[in-house]
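Overview (structure and organization)
Next come the chains, spelled out residue by residue.
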Amino acid sequence: YRANFNDEQAAITGIAARALSENLDETYLQRTELAGDQLTTLLGQQATSPTALRLVLVNHARVDLIPLVLFEPDGSVVAKQLYGPITDVEDIPDVKDTVQVLFSLPDLVQNPQTHLAIAPYRDGFSVVVYRPLIGSNQVLGILVAFGDLAGPIGRFVEPISAGRLGSATIIDQQGVVLFA
């Protein structure tokens, strides 16, 4: 019975990981890539209206109601579009610290990777996507997108059962329960 249980757990983890990554790719990463490209263009110009920056965020955030925040290299918020339970950048812990760490990376201009993190949020977790905006061989800003993990994970994980009485749980590499 134990071997069967482990096989079921492995299958559940595989299904959940696949579903989660596909959902995050479509919902968060593509939206932040599109918004990031437009924001990079705007930030690279001499005079950019804060209204123009906010319009880009509104247009890209509205489709999936993704909260988006644009940070300048000094760590200040240039523009934001927040929805639902996320009403302030401070609602997600460690965001400003992570942004400062990214700005301080010496190879960020040569290697502007999109970073994905999972952060505690209220009684659950949030996915946080950090996209560096590079132009004229310098870091112009960092676009941050937030998403509550409960919805995307719940749609895929809640219907999964292991055997007769088991249910699916997602844990991260450090053993923190992300969804139960």
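Structure shown above.
In this text the structure is predicted, and so the values were computed from the model without any measurement.

The rules behind these values
Residues numbered from 1 in each chain as written. Predicted model: local features only at pLDDT ≥ 70, side-chain atom pairs only at ≥ 80, totals over all residues. Heavy atoms only, no water. Helix = DSSP H or I, 4+ residues; strand = E, 2+ residues; numbered from the N terminus. Buried < 20%, exposed > 50% of the residue type's maximum accessible area, 1.4 Å probe, protein only. Contact = heavy atoms within 4.5 Å. Areas by Shrake-Rupley, 256 points an atom, 1.4 Å probe, with all protein chains shown as cover. Core = buried A, V, L, I, M, F, W, Y, C linked by side-chain atoms within 4.5 Å. Salt bridge = Lys/Arg side-chain N within 4 Å of Asp/Glu carboxyl O. Pairing = 2+ DSSP bridges. Polar contact = N/O pair within 3.5 Å; in protein donor to acceptor, adjacent residues only side chain to side chain. Arc of directions from axis to C-beta.

1. Observations concerning the overall build of the protein
Within the protein, the regular secondary structure consists of four helices and nine strands. Listed N to C, the secondary structure of the protein is α-α-β-β-α-β-β-β-α-β-β-β-β in terms of helices and strands. Here the protein holds 180 residues, and 41% of them are scored as buried. Taking all contacts inside the protein whose residues are at least 6 apart in sequence as the whole, residues at least 24 apart take part in 53%. Carbon together with sulfur atoms contributes 52% to the accessible area of the protein, which is approximately 9,900 Å² in total.

2. Digging into the nonpolar core
Core analysis: the biggest nonpolar cluster contains 19 residues, and Val95 and Val144 have the highest contact counts within it. Within the residue set of this core, elements represented by two or more residues are strand E1 (68–71), helix H3 (95–104), strand E3 (115–121), strand E4 (124–135) and strand E5 (138–148). Apart from the residues lying within four places of it in its own chain, the contact partners of valine 144 are Pro67, Leu68, Val69, Phe71, Val95, Val99, Val128, Val129 and Tyr130. Counting residues in hydrophobic clusters, the runner-up holds 18 residues, among them Leu53, Leu57, Ile66 and Ala145.

3. Description of unusual backbone geometry
If you check the backbone angles, serine 136 has positive phi at about 50 degrees while not being a glycine. Its place among the elements puts serine 136 in the loop between E4 and E5. Exposure remark for serine 136: the relative accessible area of 68% places this residue in the exposed category.

4. Brief notes about the pattern of salt bridges
The tally for this structure, following the rule as stated, stands at one salt bridge. Two residues, aspartate 37 and arginine 131, come together in a salt bridge whose shortest N-O distance is 2.8 Å. Taken together, the positions of aspartate 37 in helix H1 (residues 2–43) and arginine 131 in strand E4 put the pair 94 residues apart, joining distant regions of the chain.

5. Details of the pairing of strand E2 (residues 77–81)
Judged from the four bridges that link them, E1 and E2 form a sheet pairing that is antiparallel. Bridging across to E2, leucine 68 finds its partner in glutamine 81. Connecting E1 to the next strand, E2, in antiparallel fashion are five residues, including glycine 75 with a positive phi near 90 degrees.

6. Side note on the side chain of threonine 40
With respect to the helices and strands, threonine 40 occurs in helix H1. A polar side-chain atom of threonine 40 sits 2.7 Å from the main-chain carbonyl oxygen of glycine 36. Setting aside residues up to four positions removed in sequence, threonine 40 forms contacts with Arg131, Leu133, Ile134, Gly135 and Leu140.

7. Structural notes on H3
Along H3, the residues that are buried comprise Val95, Val99, Leu102 and Phe103. In an axial view of H3, the angular spread of the buried residues amounts to 100 degrees, which keeps them on one side of the axis. Exposed positions of H3 whose direction lies more than 90 degrees from the buried face are Asp97 and Ser104.

8. Some details on the environment of histidine 115
Position of histidine 115 relative to the elements: it lies in strand E3. In the structure, histidine 115 is positioned 17 residues away from proline 132 in sequence and 8.7 Å away in space, judged by C-alpha atoms. Discounting residues that sit within four places of it in the chain, histidine 115 has contacts with Leu102, Val128, Val129 and Tyr130.

9. Considering the environment of valine 127
Mapped onto the fold, valine 127 is located in strand E4. Once the C-alpha coordinates of valine 127 and alanine 117 are considered, the two residues, ten residues apart in sequence, prove to be 5.8 Å apart.

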